[in-house]
Amino acid sequence: MRKVSVLMAFLITGYVLGIWNFLVMPKYYITFGLKGFLLSLIPMLIGVFLMYSEAESTKRTRYLVYELFFKIARTPALIFTLLMFLLILLGVTTYYSAYSLVFILGSGQSYTLLFVLATILLSAVLLMMARGKTLEFIAVVSILFVVFALLAAFLIRNQALATVTSPQAVQYMQHAVSSITSLDLPLTVRGVFYLTVSTLVSLGLGAGVYYVIGSFSPEDLDFKRVLGAVVVLQIILSFAAAFTVAYSLGAAYQGFQRAYQNPNIPAEEAMKLFTKFTELKEYTTNSEKSPIASIEVFYSIPQILKGNVASDRTLIVLLMLSLYLAGMTTIIVLIEMGSQMLAEVMQLGRTSSLGLVSLLGMVIGGSMVVGDIKTMFVVVPFAVGALVAAAEAYPLLSSELMGNRGLTAGVIIVLLVTGLATLYYTISTGNLAVKIGAFLGLVLFIPVLMNGMLLKSHR
């Protein structure tokens, strides 16, 4: 049981700690300091409560997730909402993970589509090869990611301290690093709102994963201890990601300086580097900029480092490989859990369900090479993620499940209010692609309108 508990802890950690911990969360750890971290614990604790409740509900009843939604919650249509949300998460995660390979391999952005397809194909093949050892396989990949992420943070720190010698760059780097542990940085209402939404999205709620995990977990497994270990690892690795970004930004500043002062570099190239650095500077100082608009700023770091600082190749590979592995652990879990859900709903075999989930993930992730489509899909988890998480938690209100229904109802209300506020703000302030993404998120709830028909067909 100790071995299973450890494997489950790393499985959940690998799923929870994904691309958002690199692309979005460091922004608030740097702009808000320890205040931001302490505030992030509130939505994190809400998420952990739902994780525990959902996993326990299927572990105790021994229902599979679709059975629980149909026989207890009487809402079988919700499983289709969760499946569609899972597929969008899979596509978005795969795209931004695969995009990091462009910088690792030094290839052009035109190869992004190929990397997207290869990443999902590799994940599906590895899962097929794992077969009865799926839990062990996913946990091992997650363990490798945890070790590598901590090692990458340590090595990037050492590389940055040894490389960054410019007084201005050193000052900038020290400011970014010290901000992470500062309690003096001011908070903004909009920034705190973005932090809350980003934290909820980073926990991976709304995809039904925790119900599925509970359905195959041993009866003697203590989820409280498992989730306690997950929270500790989440905190450690989130800080590691924030420090990784902070030290990388110091090296990036020096890279811009050297390029600007080098007469052999064309003025247009120097101005391009200046623009990239300006975006990075805003990332670490402006908490009110939308997280959707900040996602791709992270990829400016390798573009500024390349050819402008010592050991640039090492820094780029370490940083981007950490991001790729963070996404890979989430992708593998999403494909495995999605295939289990799809197998229940459509009565498919493991091979067929894995293949179908992988194919749909390829379609969504591959289509994101088109700019407006990419914006549209990445908006969905931020615009309606809290609403989908509230829908996911609805079965926990059933009297047939043992749990704190009062607290669950309160959490659902908080998620609904947060989700509606996020949806309203997204629709009212975003451009056309953002608005379409928000409305696409609402489309996920259309199956709920057919719930009565599904119940009648089952009877």
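Summary of the structure given here. None of the values given here were measured: they were computed from a predicted structure. (Residues numbered from 1 in each chain as written. Predicted model: local features only at pLDDT ≥ 70, side-chain atom pairs only at ≥ 80, totals over all residues. Heavy atoms only, no water.)

We now examine the overall build of the protein. Along the backbone of the protein there are 21 helices and zero strands. Its C-alpha atoms give the protein a radius of gyration of 22 Å, within 12% of the compact-globule value 23 Å for 459 residues. In terms of principal-axis extent, the alpha carbons of the protein reach across some 75 × 45 × 45 Å. Counting all 459 residues of the protein, 59% fall into the buried class. Long-range contacts, defined as pairs at least 24 residues apart, comprise 83% of the intrachain contacts of the protein with a sequence gap of at least 6. Computed over 28 positive and 20 negative side-chain charges, the inter-centroid distance for the protein is 2 Å. (Helix = DSSP H or I, 4+ residues; strand = E, 2+ residues; numbered from the N terminus. Rg over C-alpha atoms; globule rule 2.2 N^0.38 Å. Buried < 20%, exposed > 50% of the residue type's maximum accessible area, 1.4 Å probe, protein only. Contact = heavy atoms within 4.5 Å. Lys, Arg positive; Asp, Glu negative; His and termini not counted. Charge placed at Lys NZ, Arg CZ, Asp CG, Glu CD.)

The next subject is the environment of T188. Turning to its location among the elements, T188 is positioned in the loop between helix 9 (167-180) and helix 10 (189-202). Owing to a relative accessible area of 22%, T188 belongs among the partly exposed residues under this scheme. As for T188 and N286, which are separated by 98 residues in sequence, their C-alpha atoms are 9.8 Å apart. With residues near it in sequence (within four places) discarded, T188 still touches F32, S287 and E288. Polar contacts involving the side chain of T188 include one to the main-chain amide nitrogen of G191, which spans 3.1 Å. (Polar contact = N/O pair within 3.5 Å; in protein donor to acceptor, adjacent residues only side chain to side chain.)

Attention now moves to helix 9. Compared with the 20 Å implied by 1.5 Å per residue over 14 residues, the 20 Å span of helix 9 between its first and last C-alpha is a close match. Residues A169, Y172, M173, A176, V177, S179 and I180 constitute the buried set of helix 9. Considered in projection along helix 9, the buried side chains sweep an arc of 160° and stay on one side of the axis. In helix 9, the exposed positions angled more than 90 degrees off the buried face are occupied by P167, Q171 and Q174. Close packing links the buried residues of helix 9 with helix 3 (25-31), helix 4 (34-61), helix 8 (134-163), helix 12 (223-261) and helix 13 (267-285). (Expected span 1.5 Å × (residues − 1). Arc of directions from axis to C-beta.)

So, on to the packing of helix 19 (residues 405-429) against helix 20 (residues 432-443). The description of two helices packed together rests on the angle between their axes and the distance between the axes. At a minimum axis separation of 7 Å, helix 19 and helix 20 run at an interaxial angle of 145°. Crossing of helix 19 over helix 20 shows left-handed handedness. Packed against helix 19, whose contacting residues are L423, T426, I427, S428 and T429, the element helix 20 presents V434, K435, A438, F439 and L442 at the interface. Residue classes in the contact of helix 19 with helix 20 are distributed as six nonpolar, three polar and one charged. (Axes fitted to C-alpha atoms, helices over the stretch in contact; angles between N-to-C directions. Left-handed = near helix turned anticlockwise from the far one by under 90°. Nonpolar A, V, L, I, M, F, W, Y, C, P; charged D, E, K, R; others polar.)

Moving on: the packing of helix 8 against helix 16 (residues 312-346). Between helix 8 and helix 16, the least distance of the axes is 9 Å, while the angle of their chain directions is 160°. Looking at the two axes, helix 8 sits roughly antiparallel to helix 16. Where helix 8 crosses over helix 16, the handedness of that crossing is left-handed. Between helix 8 and helix 16, the residues in contact are T134, F137, I138, V141, S142, F145, F148, A149, A152, L155, I156 and Q159 and T314, L315, L318, L319, L321, S322, L325, A326, T329, I332, V333 and E336, respectively. Within the contact of helix 8 with helix 16, the residues separate by chemical class into 17 nonpolar, six polar and one charged. (Parallel < 35°, antiparallel > 145°, perpendicular 65-115°, else oblique.)

This part takes up a nonpolar patch on the surface. On the surface, a cluster of nonpolar side chains totalling about 510 Å² of accessible area is made up of V443, I446, L449, M450 and M453. Along the chain, M450 falls in the loop between helix 20 and helix 21 (451-458). (Patch = residues over 30% accessible without salt bridge, like charges linked within 9 Å, V, L, I, M, F, W, Y side chains within 5 Å. Areas by Shrake-Rupley, 256 points an atom, 1.4 Å probe, with all protein chains shown as cover. Salt bridge = Lys/Arg side-chain N within 4 Å of Asp/Glu carboxyl O.)

The topology assignment puts S287 in the loop between helix 13 and helix 14 (291-294). Assessed through its relative accessible area of 6%, S287 is described here as buried. In the structure, S287 is positioned 259 residues away from Y28 in sequence and 6.6 Å away in space, judged by C-alpha atoms. Here S287 is in contact with K27, Y28, T31, F32, T188, G191 and Y194, once residues within four sequence places are set aside. Only 3.0 Å separates the side chain of S287 from the side chain of T188, close enough to count as a polar contact.

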